[in-house]
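Analysis of the macromolecular model
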Amino acid sequence: MGLRDIGKNLLTDKKEIDTERLCSRFEQYDFVRLGDMKCRKRVKVAGEIKRMRIKPRSGIPAVEIVITDGTGEITVIFSGRRNIPGIDHGGCIMIDGVPHQDGDRTVVLNPAYTLLA
Amino acid sequence: MALSASALKRFFIGKPIASSEDQHHRLSKKIALPVFASDAISSTAYATEEILIVFLSLAAVGLSAFDNLVPISILVIALLIIVVSSYRQTIYAYPKGGGSYIVARENLGKHPSLVAGASMLVDYILTVAVSVSAGVAAIISAFSNLAPYRVMLCIGFIVIVTLANLRGIKESGALFAPPTYLYILSLASLIIVGLYKVYFKDLGPIDHSGEVAKELLSGQKSLTIFFFLKAFSSGAVALTGIEAVADGVPAFEKPEAKNASKTLMWMAVVLGTSFLGLSILAEKLQPLKDHEGNIKVTVLAQMAEQVYGGRNIFFFITQFATFGILILAANTAYADFPRLSSIIAQDNFLPRQLANRGDRLVFSNGILFLGAAASGLVFAFGGLVNALIPLYAVGVFTGFTLSQFGMLVRHRKLKEPGWQIRAFFSGVGSLTTLFVAGIVVVVKFADGAWIPAVIIPSMMVIFLTINRHYVRVRSFLQIEEGYIAPRQIHLVVVLVGSVNRGVLQAVKYAESLRPDRLLALSVVGSPEARAKLDADWAKHNLTVELEMVTDQFRDITDSIMTRINELDDEASDDIITVIIPEFVTSLRSQWLHNQSALSIKARLLYRPNTVVTSVPIVIK
């Protein structure tokens, strides 16, 4: 490692380190990258689960997860459930659905999903 | 723990006094003289000695030192007359109290007044350091085996005076009158008895033995103008403290100005005659003192011993009276420094805290600062009076100059009947004192006069920087015409670690705020922890949205900050309240709890549009 790399290492913040990690993790798959995704068109995208939100509203609960592959992020909403086995922080899923814009965020409702290793 | 801390404070400081109990009692002339004049008159205890040190030890002129003592004293007294006659006018012009700072502020504007203010503050600090050092020197002269503890004694007395002032000893006559009058009497007795013995009983010079004394007496150099001026500027410290009467005019009985002016005259008479008397006596008795402190006994003590024929009761009375008035002189600075700093603070040139009155209706912060600064000086200069003297006079004479120049400007502006003659006095006064200040800086620059010459301008820079800040804050907070506070979207974020009683309380509290949006945020470490939190959340029927984030780098504070930034970005006109449930146990065990709440609060403190609320969970 050259001096320059060491200098670079010291200067990059955690966010960049994480982005690099994610990008290299998803290089192996042949999905649409989240950054290139188009709304209102059916896509297959994948990402790592970054955060989860449970809406325990009386009647219809919902779980919202945010996934990212380093190029962008998407909010996936599974309505009617509080939790889904196998979906947890740090896990990877591939989803198959139609994204749409909801305010500032891109959302996909109740997609088909596959847990990735 | 908290109880014992306040008990300790109560023990040292005394019980709090209500604001309504504040009262100003008026002082009669007989009482006002000791109250205001102790500072000025006390300088006779060391002024003669300082002149001698310059002649004997620095200029090494030997016996001819004593021939020059009286001429210098007469010059100093001439200076005294000029300054006093100028201050008489200040008293009549400012019956509400006219310190240098106020006179300069009213007549000369911002910058000169700040110079005056800084000079006087520096000078009050030095008054404490010099007076206490000289007081301790008087004690050491009487009990020479205390000499090794000089610095400790000085700092000890400063601590005592500081504590006494925090308790709020008023400038009460009962306290001030006895030591001051005792000192005046003992000086009068020393001078009269001494001169009587010299002229009628052929009392000769003191016999000196020892290496240092021989060396001092054997000096053969001729006196240069430089050392003459240096000796004069040392003698001029006798004038320190005469501004006190002009500062304190409102404390006099009616008619205030007239009584104050008479008191000022009496003070000048006492100061002038005793200073001249001591110089004449010193000329005859030839006491010795060097500048390194090898001779431990003060000039005053040497003369008292010779005049009274040994260390008898009269000698000890003289020493204790000297000590007493010097401590009182230090004490007057404790009244003046906090008062001036509070005035400057009210004008927004010093931190507002200095304008706060403490439990006992005194300006506690100013008192503490003064005590600390004076102790530092004493420590740095080893408690030696003559090492501190070069620092002393610069501030006083700068203050005199600006005050009198301010009076000159005022006379020219108001043009009251007979203003020309008064303006003339003020003009001569300000020129003379400016000249003296110049002399002090030039001839004593290397000895320490450079310190105030550097400190006073830097204090001005500090004053102006503080003022700029306060002005900026004030203009920012000012309400413009038609300003209405905006309605902001209220997002409340409750930080959750695990579900416990405190968190339930915090969530209830958050709901009671009725925000536009409510969110619970938790940073979870592992999938198991997440599953447990999720299950607990469901179990307690919490209906608040629970957001769980994970951080790859295990930094809770950082994750929370990142998430709050993201939430803030979602809306443009929002205000975020972050609610932190926080354990409060006793001081003993608080540190056992995770300090993350503290670090989050510290990070959020400087975040705009963010309110941080702690919901305390008191563990009994």
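A quick note: this is a predicted structure, and the numbers were derived from the prediction, not measured.

The rules behind each value
- Residues numbered from 1 in each chain as written.
- Chains lettered and ligands numbered in written order.
- Predicted model: local features only at pLDDT ≥ 70, side-chain atom pairs only at ≥ 80, totals over all residues.
- Helix = DSSP H or I, 4+ residues; strand = E, 2+ residues; numbered from the N terminus.
- Rg over C-alpha atoms; globule rule 2.2 N^0.38 Å.
- Contact = placed C-beta atoms within 7 Å.
- Buried ≥ 20, exposed ≤ 12 C-beta atoms within 10 Å, placed from the backbone.
- Nonpolar A, V, L, I, M, F, W, Y, C, P; charged D, E, K, R; others polar.
- Pairing = 2+ DSSP bridges.
- Axes fitted to C-alpha atoms, helices over the stretch in contact; angles between N-to-C directions.
- Parallel < 35°, antiparallel > 145°, perpendicular 65-115°, else oblique.
- Left-handed = near helix turned anticlockwise from the far one by under 90°.
- Domains from an automatic or database assignment.
- Expected span 1.5 Å × (residues − 1).

**Some words on the overall build of chain B**
Tallying secondary structure elements over chain B gives 22 helices and 5 strands in all. The C-alpha atoms of chain B give a radius of gyration of 32 Å, which is well past the 25 Å a tight globule of 620 residues would have. Across its three principal axes, chain B shows a C-alpha extent of roughly 110 × 60 × 45 Å. Within chain B, contacts between residues at least 6 apart in sequence are counted, and of these 82% link residues at least 24 apart.

**Thoughts on the overall build of chain A**
Each helix and strand in chain A was counted, giving 2 helices and 7 strands. Mapped in sequence order, the helices and strands of chain A form the string α-α-β-β-β-β-β-β-β. Put simply, chain A has 117 residues, and 22% of those count as buried.

**Observations concerning the interface of chain A and chain B**
Facing the 16 residues of chain A at the interface are 17 residues of chain B. At the level of elements, helix 2 (14-26) and strand 1 (43-55) of chain A are the ones that each hand at least two residues to the side of chain A that touches chain B. When residues of the side of chain A that touches chain B are assigned to their parent elements, the largest contribution, 5 residues, is made by strand 1 of chain A. In terms of residue class, the side of chain A that touches chain B is made up of 3 nonpolar, 4 polar and 9 charged. Both strand 1 of chain A and strand 3 (residues 545-550) of chain B contribute to a ladder of 4 bridges, which runs antiparallel. Following the sheet pairing, Ile54 of chain A is matched in strand 3 of chain B by Leu546 of chain B.

**Some points on the packing of helix 7 (residues 150-167) of chain B against helix 15 (residues 364-380) of chain B**
Residue and element names in this part refer to chain B. Following both chains from N to C, one finds helix 7 and helix 15 inclined at 175°, their axes separated by 10 Å at the closest point. By the angle between their directions, the pair helix 7 and helix 15 is classed as roughly antiparallel. On helix 15, the residues that touch Val151, Cys154, Ile155, Ile158, Val159, Thr162, Asn165 and Leu166 of helix 7 are Ser364, Ile367, Leu368, Gly371, Ala374, Ser375, Val378 and Phe379. Its residues assigned to classes, the contact of helix 7 with helix 15 shows 11 nonpolar, 5 polar and no charged.

**Remarks on the environment of Arg105 of chain A**
Looking at where Arg105 of chain A falls in the secondary structure, it is placed in strand 6 (residues 105-109). The exposure class assigned to Arg105 of chain A is partly exposed, which follows from the 13 C-beta atoms found within 10 Å.

**Brief notes about the packing of helix 6 (residues 110-142) of chain B against helix 16 (residues 385-414) of chain B**
All names here are of chain B. Direction vectors running N to C along helix 6 and helix 16 enclose 145°, while the axes themselves pass 8 Å from each other. Where helix 6 crosses over helix 16, the two elements pack in a sense that is left-handed. A class-by-class count of the residues in the contact of helix 6 with helix 16 yields 17 nonpolar, 6 polar and 1 charged.

**Re the domain arrangement of chain B**
Along its sequence, chain B is carved into domain 1 (26-90 + 119-387) and domain 2 (489-618). The straight-line distance from the C-alpha centre of domain 1 of chain B to that of domain 2 of chain B is 63 Å.

**Regarding the environment of Gly395 of chain B**
Residue and element names in this part refer to chain B. With respect to the element layout, Gly395 can be found in helix 16. Gly395 gets classed as buried once you count the C-beta atoms within 10 Å, which come to 29. It is 5.4 Å that separates the C-alpha atoms of Gly395 and Asp123, two residues lying 272 residues apart in sequence. Residues in contact with Gly395, not counting those within four places in the same chain, are Ser119, Met120, Val122, Asp123, Leu126, Pro452 and Ile456.

**Concerning unusual backbone geometry**
Despite not being glycine, Gln286 of chain B has its phi angle at roughly 55°, a positive value. Given 22 C-beta atoms within a 10 Å radius, Gln286 of chain B is considered buried.

**Looking at helix 18 (residues 445-477) of chain B**
For helix 18 of chain B, with 33 residues, the first-to-last C-alpha span of 45 Å sits near the 48 Å given by 1.5 Å per residue. Residues Ala449, Pro452, Ile456, Met459 and Phe463 of chain B constitute the buried set of helix 18 of chain B.

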